[in-house]
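# Examining the three-dimensional arrangement
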Amino acid sequence: MAARRVRASAVAEPRGSDRVAMPGPASKDELAAFNEETMAKYGLPEIVREDAHVMKDADGYYVVKEAFQKPTNPFERLKLAKDPMKETIHMAGLEAAAAASAADFAAWDEAMNDPDEVDQRYKWAGLFHRRKNHYGRYMMRMKIPNGVVSAAQVRHLARVVASCGEDGCADITTRQNFQLRGLQLKDAPEVLKGCADVGLCSLQSGLDNVRNATGNPLAGFDPHEIVDTRPITRALQDYVTGGGRGNALIANLPRKWNVCVVGGPDFYEHPDINDLAFIPAVNAEGVFGFNALVGGFISASRAAEAVPLNAWVPESDVVAMTHAVLTTFRDYGHRGNRQKCRMMWLVEEMGLEKFKAEVKSRMPGERLADAAPKDLIEDSPIERRSYLGVHQQKQAGLKWVGACVPGGRLQAEDLEELADLVETYGTGDVRLTVEQNFIIPNVPEDKVDALLEEPLLKRYTPFPGKVVAGMVACTGRQFCGFAQIETKKEAYAVAEHLESTLDFPNGDLRMIWTGCPNSCAPVQVADIGLMGCQMKNPTGEKGMVDGVNIFLGGTVGPGGHLKEHPEMEKVACADLPRVLEDICVERFGAIRKATPTANP
Ligand code: SRM
Ligand code: SF4
């Protein structure tokens, strides 16, 4: 199959003048009824607590009560000044901004003089202005539950990226998701409508909102599958985004919030670092369901592993429990110091027992069982597997092919080719993974060889070297305003260097790069984690240089543990090839090659 050029038509054709301008209610009068639909759909009880820190307004949106408005932080203040979901997204604020900024974004921005609006509130629609490093362009963060994306959706995203010209590209993220880059605000309403037309959604994916629900990337074809996580993560997405139209019940949380559903024995979903994680477990009566972990998170000031809540729910109550936990967090979570607003701080302050009692009181019929004594993960006989390469599915005669995308960066042509490949060789869907790779499932055995010959799989090989295979890198300096260093390119160069000088008889090395202490690529779970910093030039010359703090020996999978603190601090990036070679030899059993090989 020849490489494709992508048609640059950005968005699907509008389907008529009566379409709602943005996903959401057509008028202010409909706001409350619209939000009640979501509750009715999942049988969620109305929860009103006199002592809650927030109250519901007439339209069903939540505002912080006056008594709890201090201490506060800038993000709470911007939400109080103007509710992002209700007033900016649902009340046509984004369309107005798109129209007003169309002629000259910089002039409009200057006249607005309101970075809260230009940079922050649109994040409730998944739009992040990259003011510092990509001025005038927005990154759009999707929500792709379980990382399952269809060929039609990938093709649509390819066209959006192509429409951004030189500024456009896409990233597979560390939450099994896509982010697109290079969007202009003027095009955003049409892009969002086009996404909705192909069943894609970017709502409530930034700032104080629920992030993409992760699940087993091998769901449905994993020979060791415990439960198919796809319908569960889809239901979570449906609830979280109010059916792709926005959910007012949870649009004003104290902080970001992560959820995952574990479906297999490998913990590909990283339950340890989610605010709520569902772990498959069968109760004493033999009913299948999930034990819950709560409070996992990583931040610049702290990394905390999720802890057992001693609670079990049947599969049918996963959404209800998510709602119960989220509304507890919404009602009582801290809204002061941003470094202390994640849910774990609330869990610790309340204590697990009280937190659990509050969650239980919010469940339908106030039912919440204690944890099932044994989760199904413990029964699994296997070691954590690499999903890269070609593997036998549970369905006879079918294989999955896991391809490595170092750093997750894809161009429009890549996406278009990917869509073609899954239609030609598979069943039209792609899987994304938290290591920023993709998987093509359901390939008949007799088509595997031809698939492996395709140009896309030459660029993103299923058979990478042992360091590139485990490489993950956050966005870094190219686009992210927080970044201290360049990540993706640097990571790839270092990985190639290590592969050219060392052999790795003990298997793949998980090397994770994060551009700043936020740890969007979780260095705390890496064999070798590199966290960007600025440091004095070790040569003694004046000025600062790029450096890293090095974390060693984090583990993933059942029984895995975070490494919260670095073992080496302030190592100059220029010294990394030498320093990492030594670490690989001394700590990970690597062997120096007699003659370094050329870079692969
Ligand atoms: Fe993240 C903020 C990128 C996963 C912890 N993260 C950001 C921002 C939005 C900052 C900004 O405005 O520039 C970054 C956008 C850069 C850009 O242009 O792409 C950003 N985070 C990412 C992504 C794209 C990294 C990647 O290269 O894959 C990941 C998107 C996931 C998604 O699809 O939703 C991403 N971020 C994570 C994770 C990993 C996870 O969720 O499994 C974490 C650690 C886990 C956690 O949240 O507990 C993470 N990001 C943060 C934090 C620190 C949170 C905290 O509690 O302090 C920030 C800063 C903040 O929220 O204040 C942050
Ligand atoms: Fe940006 Fe820091 Fe997150 Fe990397 S870790 S994407 S540099 S916020």
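Look up: the structure comes first, before these words.
Report on the accompanying structure. Only a predicted model underlies this, so the values are computations on that prediction, with no experimental measurement involved. (Residues numbered from 1 in each chain as written. Chains lettered and ligands numbered in written order. Predicted model: local features only at pLDDT ≥ 70, side-chain atom pairs only at ≥ 80, totals over all residues.)

### A few points about the sheet that holds strand S4 (residues 138-141)
Just so we agree on the cut-off: Only strands joined by at least two bridges in the DSSP assignment are considered to pair. Runs of E in the DSSP output that reach at least two residues are strands. Runs of H or I that reach at least four are helices, and both are numbered from the N terminus.
Strand order in the open sheet formed by five strands is S3-S4-S7-S6-S16, and the pairing between neighbours is antiparallel. A strand with exactly one partner marks an edge of an open sheet, and here the two such strands are strand S3 (127-129) and strand S16 (409-410). Across four bridges, strand S6 (residues 169-172) lies against strand S7 (residues 178-183) in antiparallel orientation. For Cys169, the partnering residue across the bridge sits in S7 and is Arg181.

### Concerning the site of ligand 2
This is how the line gets drawn: Each residue receives a C-beta atom built from its backbone; the residue is near a molecule or strand if that atom lies within 6 Å of it. Residues are sorted three ways: Asp, Glu, Lys and Arg are charged, Ala, Val, Leu, Ile, Met, Phe, Trp, Tyr, Cys and Pro are nonpolar, and all the rest, Gly among them, are polar.
Around ligand 2, the neighbouring residues are Cys474, Thr475, Gly476, Cys480, Phe482, Ala483, Thr514, Gly515, Cys516, Asn518, Ser519 and Cys520. Of the residues contributing to the shell around ligand 2, the split by class is six nonpolar, six polar and no charged.

### Let's talk about unusual backbone geometry
The phi angle of most residues is negative, glycine excepted, and most peptide bonds adopt the trans form. Condition: For the exposure call, what matters is how many other C-beta atoms sit within 10 Å of a residue's own: 20 or more marks it buried, 12 or fewer exposed, and in between partly exposed, using C-beta atoms placed from the backbone.
For the peptide bond that leads from Lys70 to Pro71, omega is -5 degrees, which places it in the cis range. You can see Pro71 is positioned in the loop between strand S2 (62-64) and helix H2 (74-81). With phi around 45 degrees, Leu207 is a residue other than glycine that occupies positive phi space. Along the chain, Leu207 falls in the loop between helix H8 (188-197) and helix H9 (230-240). Exposure remark for Leu207: the 18 C-beta atoms within 10 Å place this residue in the partly exposed category. Positive phi, close to 60 degrees, is recorded for Ser519, a residue that is not glycine.

### Concerning the site of ligand 1
Taken together, 32 residues lie around ligand 1, and Thr173, Arg175, Asn177, Ser299 and Cys520 are the ones closest in. Those elements that provide at least two residues to the shell around ligand 1 are S4 and strand S11 (297-298). Of the residues in the shell around ligand 1, the class split is 13 nonpolar, twelve polar and seven charged.

### Side note on the sheet that holds strand S18 (residues 438-444)
What counts, and what does not: Axis geometry follows a simple rule: fit a line to the C-alpha atoms, using only the stretch in contact for helices, then measure angles between N-to-C directions, giving values from 0 to 180 degrees. Note on contacts: each residue gets a C-beta atom placed from the backbone, and two residues are in contact if those atoms are within 7 Å.
As summarised here, the arrangement of the five strands in space is S5-S17-S18-S15-S14, forming an open sheet in which the pairing is antiparallel. A single partner strand is all that each edge strand has here, and the edge strands are strand S5 (148-150) and strand S14 (389-392). Between one strand axis and the next, the sheet turns by 30 degrees as a mean value, whatever way the strands run. Note that S5 and strand S17 (residues 429-432) share three bridges and pair antiparallel. Paired with Val148 across the two strands is Arg431, which belongs to S17. Along the sheet, helix H13 (residues 412-425) makes contact with S17 and S18, crossing S18 at roughly 25 degrees.

### Some words on the nonpolar core
To keep it simple, the criterion reads: We define a nonpolar core as a collection of buried residues of the types Ala, Val, Leu, Ile, Met, Phe, Trp, Tyr and Cys that are connected via C-beta atoms lying within 7 Å of each other.
If you look at the biggest cluster of nonpolar residues, it comprises 172 residues, and the most contacted ones within it are Val161 and Leu415. No other element matches helix H10 (residues 318-332), which puts nine residues into this core.

### A short note on the packing of helix H16 (residues 488-501) against helix H17 (residues 576-588)
Defined as follows: What sets the label is the angle itself: under 35 degrees gives roughly parallel, over 145 gives roughly antiparallel, 65 to 115 gives roughly perpendicular, and the rest give oblique. Two helices cross in a left-handed way if the nearer one is turned anticlockwise from the farther one by less than a right angle. They cross in a right-handed way if the turn is clockwise.
Following both chains from N to C, one finds H16 and H17 inclined at 55 degrees, their axes separated by 10 Å at the closest point. Regarding the angle of H16 to H17, the classification is oblique. The crossing of H16 and H17 is right-handed. Residue-level inspection shows Val494, His497, Leu498 and Thr501 of H16 in contact with H17, the latter providing Leu576, Pro577, Leu580, Glu581 and Cys584. Class assignment for the residues of the contact of H16 with H17 results in six nonpolar, two polar and one charged.

### Looking at the pairing of strand S10 (residues 288-294)
Most of S10 is tucked away: six of the seven residues are buried. Pairing analysis gives seven bridges linking strand S9 (residues 276-282) to S10, with the strands arranged antiparallel. Note that in S10 the partner of Ile279 across the bridge is Asn291. Where S9 folds back on S10, the antiparallel hairpin that results is connected by five residues, among which Gly286 adopts a positive phi of roughly 85 degrees.

### Some points on H8
Looking only at H8, the buried set comprises Ala188, Pro189, Val191, Leu192, Gly194 and Cys195. Looking at the buried positions of H8, the neighbouring elements they touch are helix H4 (93-101), S3, S4, helix H7 (151-163) and S7. Just beyond H8, the residue with positive phi is Gly199, at close to 80 degrees.

### Points about the environment of Leu368
Along the chain, the position of Leu368 falls in the loop between helix H12 (352-361) and S14. Overall, the presence of 23 C-beta atoms within 10 Å leaves Leu368 in the buried class. Taking the C-alpha atoms as reference, Leu368 lies 6.5 Å from Ala311; in sequence the two are 57 residues apart. Non-local contacts of Leu368, meaning those with residues more than four positions away in its chain, are made with Ala311, Val313, Val359, Lys360 and Met363.

### Concerning the environment of Phe267
Along the chain, the position of Phe267 falls in the loop between strand S8 (259-261) and S9. When near neighbours in sequence (up to four residues on either side) are disregarded, Phe267 contacts Val262, Val556, Gly557, Pro558 and Gly560.

### Regarding the environment of Glu413
Its place among the elements puts Glu413 in helix H13. Distance from Glu413 to Arg255, taken between C-alpha atoms, is 36 Å for residues 158 residues apart in sequence.

No statement about biological role is implied by the geometric values presented.
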